Amino acid sequence: MLLNLVEAVDLALARALSEDERVIILGEDVGKNGGVFRATVGLREKFGAKRVLDTPLAETLIAGVAIGMSTQGLRPVAEIQFMGFIYAALEHLISHAARLRNRTRGRISCPLTLRVPFGGGIHAPEHHSESTEALLTHIAGLKVVALSSPRTAYGLLLAAIRCNDPVIVLEPERIYRKFKEEVIDDSQQIDLEHCLIWRKGKDLSLVAWGAAVQDCLNAAEQLAQQGIDAEVIDVACLKPLDMTTIINSVALTGRCIIVQEAVKSGGLGSDIAARLADKAFYALRAPIKIISPPDVIIPYFKLEQAYLPQIADIIQASRALMEA
């Protein structure tokens, strides 16, 4: 069936609820209203109010209750409405969810999935457009994945729900409804520990996650018309990070551009670049380039486009690397 990303999320949640009675959906407005982005539409009507729970507007409570559920044999899928609201939940995520397996020496795990819309592009105030994924990837004990298409949304979300450890699932807001693709409701998950190669190429490697993957694919198509063959890598799982796929790509192409919506300082792109410099230095034909916004809070409305990396930026940087 042809679905957009938000519909694929809804489909994966329905599949998980139907296959495993331990799966519980909870969050602000996820029940009666179907979620702020309508990613849980119809689930309460189909599976009942005891399995699709509306919560108070309290992210600390949502995280705490979800962790408690996970220790008692359930598989909660909690929603934080926007990434800018996740900070109230960090105490529970860092001090408890990420540490339960180690703290109990394996006696208790935390099969918690936390869905978080992230990134800009919807012309909303700053707390609704955050890209602070690097904060989460720094926490040992958490897995962090970023969706980039309807098909990956379905497969990665199912894998997260079935995982026995806490997984943060980042959902890019600006491509929730941007395009549709064929999604098969076959219960097949996508491995949480590997990058996805969307396009093969020999001249340079474009590395991205979330909505930026689609920007890189668009740029790669335009670059191909200019005689530049770009490989597009979707990091997909930000933690643990599959550097082997990225290193192998750069070893072939000799050039790498990393595209992120997060600010450059302390970001995941800097981590990937440092690891490439360590493991693939002698394969590089040009310096590694990171395309990212400036180190400021994302601006409102019309200035948002000037803040976010653009397809033209990727094309320009690619041409510059080819000439280096």
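Okay, so let's go over this structure.

Parameters at a glance
Residues numbered from 1 in each chain as written. Predicted model: local features only at pLDDT ≥ 70, side-chain atom pairs only at ≥ 80, totals over all residues. Heavy atoms only, no water. Helix = DSSP H or I, 4+ residues; strand = E, 2+ residues; numbered from the N terminus. Rg over C-alpha atoms; globule rule 2.2 N^0.38 Å. Buried < 20%, exposed > 50% of the residue type's maximum accessible area, 1.4 Å probe, protein only. Contact = heavy atoms within 4.5 Å. Areas by Shrake-Rupley, 256 points an atom, 1.4 Å probe, with all protein chains shown as cover. Disulfide = S-S within 2.5 Å. Pairing = 2+ DSSP bridges. Axes fitted to C-alpha atoms, helices over the stretch in contact; angles between N-to-C directions. Phe/Tyr/Trp six-rings, centres within 6.5 Å; stacked < 30°, edge-to-face > 60°.

## Quick notes on the overall build of the chain
- A tally of regular secondary structure across the chain gives 12 helices and 14 strands.
- Relative to the compact-globule value of 20 Å for 324 residues, the chain shows a C-alpha radius of gyration of 19 Å, a close match.
- Dimensions of the chain, computed from the C-alpha atoms along their principal axes, are close to 60 × 40 × 40 Å.
- Each of the 324 residues in the chain was classed as buried or not, and the buried ones make up 56%.
- Put simply, 83% of the contacts in the chain that link residues at least 6 apart link residues at least 24 apart.
- Only carbon and sulfur atoms are counted for the fraction: they give 54% of the accessible area of the chain, which is about 13,600 Å².

## Description of the state of the cysteines
- If you walk through the whole model with that rule in mind, you get zero disulfides.
- Cysteine Cys 110 shares no disulfide, and the gap to the nearest cysteine sulfur, in Cys 163, comes to 10 Å.
- Here Cys 163 is not disulfide-linked; the sulfur of Cys 237 is the nearest cysteine sulfur, at 9.2 Å.

## Some words on the sheet that holds strand E12 (residues 237-239)
- Ordered by their spatial adjacency, seven strands build an open sheet running E3-E2-E4-E5-E7-E6-E12, and the pairing between neighbours is mixed. For this open sheet the edge positions go to strand E3 (52-54) and E12, each flanked by a neighbour on one side alone. In this sheet, neighbouring strand axes are inclined to one another by 20° on average, regardless of whether the strands run parallel or antiparallel.
- One ladder, built from three bridges, connects strand E4 (residues 75-79) with strand E5 (residues 113-118); its direction is parallel. Along E5, the bridge assignment pairs Glu 79 with Arg 115.
- Packing of helix H1 (residues 5-19) onto the sheet brings it into contact with strand E2 (23-27), E3, E4, E5 and strand E7 (167-172), and relative to E2 it is tilted by some 135°.

## A short note on the pairing of E2
- Most of E2 sits out of view: five of its five residues are buried.
- Where burial is concerned, the two faces of E2 agree: the one with Val 23, Ile 25 and Gly 27 and the one with Ile 24 and Leu 26 are both buried.
- The pairing of E2 with E4 spans five bridges and is parallel. Residue pairing for E4: Leu 26 is matched across the bridge by Ala 78.
- Alignment of E2 against E3, held across three bridges, turns out to be parallel. Looking at the pairing, Gly 27 lines up with Asp 54 of E3.

## Let's talk about the packing of aromatic side chains
- As enumerated under the stated definition, the model contains five aromatic pairs in all.
- Judged by centre distance (5.8 Å) and plane angle (85°), the ring pair of Phe 82 and Phe 85 falls under edge-to-face.
- Overall, the relative accessible area of 25% leaves Phe 85 in the partly exposed class.
- Relative to Phe 301, the ring of Tyr 300 has its centre 5.6 Å away and its plane inclined at 70°; by these criteria the two rings are edge-to-face.

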